[in-house]
Amino acid sequence: ETGVTQSPTHLIKTRGQQVTLRCSSQSGHNTVSWYQQALGQGPQFIFQYYREEENGRGNFPPRFSGLQFPNYSSELNVNALELDDSALYLCASSWDRGSYGYTFGSGTRLTVV
Amino acid sequence: AQSVTQLDSHVSVSEGTPVLLRCNYSSSYSPSLFWYVQHPNKGLQLLLKYTSAATLVKGINGFEAEFKKSETSFHLTKPSAHMSDAAEYFCVVGSPGSSNTGKLIFGQGTTLQVKP
């Protein structure tokens, strides 16, 4: 059984650019959630996808968007990058919207310069 | 609304001594509560979870937590600290299930230092 895989592990972007982060869910999981973890902080919920539809969203602007594919993998897209977007982005997968807990990936470290 | 407060930002113990990481929560209904651990440059690993079954929850690596509704607390303990326990610990409240919108609420984290 594979875990949650995120790519890339590290990324450096320039302010104003766009970025796409990817996440492969754990086998058998149909739910994916994304979190932003700023340095020294706890993770903050961005949104969740269940069976390819967004079913929950945190307090993030619309330039944060996502997709979930039929194989339940997922993408997080961020447009018009700002310096404050620099953070560790974590993906978590689960079965049935977290009924049995979430499995987290190791994250993508995004640096905006 | 739900929230969680970790009462200590930093805890330092000697190897072989007990560990206590404190967490208080706020929830308008019966919550699901979790403890996660994050080692440097790693993702989050689930230590244990409470979902309204037994109030004393046993987790991995010798950790356990007790749900106390009257005190709205969910403190994490371990009888004897090991050097490998040094990490960041997060107390988390959520509402999984059919009504779940996916929002896990994390505390600010407690850094556990283990001295030899």
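Residues numbered from 1 in each chain as written. Chains lettered and ligands numbered in written order. Predicted model: local features only at pLDDT ≥ 70, side-chain atom pairs only at ≥ 80, totals over all residues. Heavy atoms only, no water.

Trainee: Before we move on, could you go through the side chain of Glu75(A) and cite the residues and values that matter?
Mentor: Relative to the helices and strands, Glu75(A) resides in strand β8 (residues 74-78). Aside from chain neighbours lying at most four places away, what touches Glu75(A) is Thr20(A), Leu21(A), Arg22(A), Trp34(A), Ser65(A), Gly66(A), Leu67(A) and Phe69(A). (Helix = DSSP H or I, 4+ residues; strand = E, 2+ residues; numbered from the N terminus. Contact = heavy atoms within 4.5 Å.)

Trainee: Go over the interface of chain A and chain B with me, naming the residues and quoting the values.
Mentor: Chain A puts 23 residues into the contact, and the matching count from chain B is 18 residues. Of the roughly 1,600 Å² buried where chain A meets chain B, counting both sides, 49% is carbon and sulfur surface. Of all residues in chain A, Arg97(A), Tyr102(A) and Phe104(A) give up the largest surface area on contact with chain B, accounting jointly for 30% of the area buried on that side. Scanning the region where chain A abuts chain B turns up zero salt bridges. At the junction of chain A and chain B, the tally comes to four residue pairs in polar contact (both at pLDDT 80 or more). Elements represented by at least two residues in the side of chain A that touches chain B include exactly β4 (31-37), β5 (44-50), β6 (53-57) and β9 (87-94) of chain A. In terms of residues, the side of chain A that touches chain B owes the most to one element, β4(A), which gives three residues. Partitioned by chemical class, the residues of the side of chain A that touches chain B number eight nonpolar, 13 polar and two charged. (Buried area = accessible area lost by both parts, 1.4 Å probe. Salt bridge = Lys/Arg side-chain N within 4 Å of Asp/Glu carboxyl O. Polar contact = N/O pair within 3.5 Å; in protein donor to acceptor, adjacent residues only side chain to side chain. Nonpolar A, V, L, I, M, F, W, Y, C, P; charged D, E, K, R; others polar.)

Trainee: Just give me the short version of the packing of aromatic side chains, but keep the residues and values in it.
Mentor: Residue and element names in this part refer to chain B. Applying the stated criterion across every chain, the model contains 14 aromatic pairs over all chains. Ring geometry for Phe63 against Tyr89: centres 5.6 Å apart, planes inclined by 45°, an arrangement best described as tilted. Of the two residues, Phe63 is situated in the loop between β7 (56-58) and β8 (64-68) and Tyr89 in strand β10 (residues 87-94); the sequence distance between them amounts to 26 residues. In terms of burial, Phe63 and Tyr89 fall into one category: buried. (Phe/Tyr/Trp six-rings, centres within 6.5 Å; stacked < 30°, edge-to-face > 60°. Buried < 20%, exposed > 50% of the residue type's maximum accessible area, 1.4 Å probe, protein only.)

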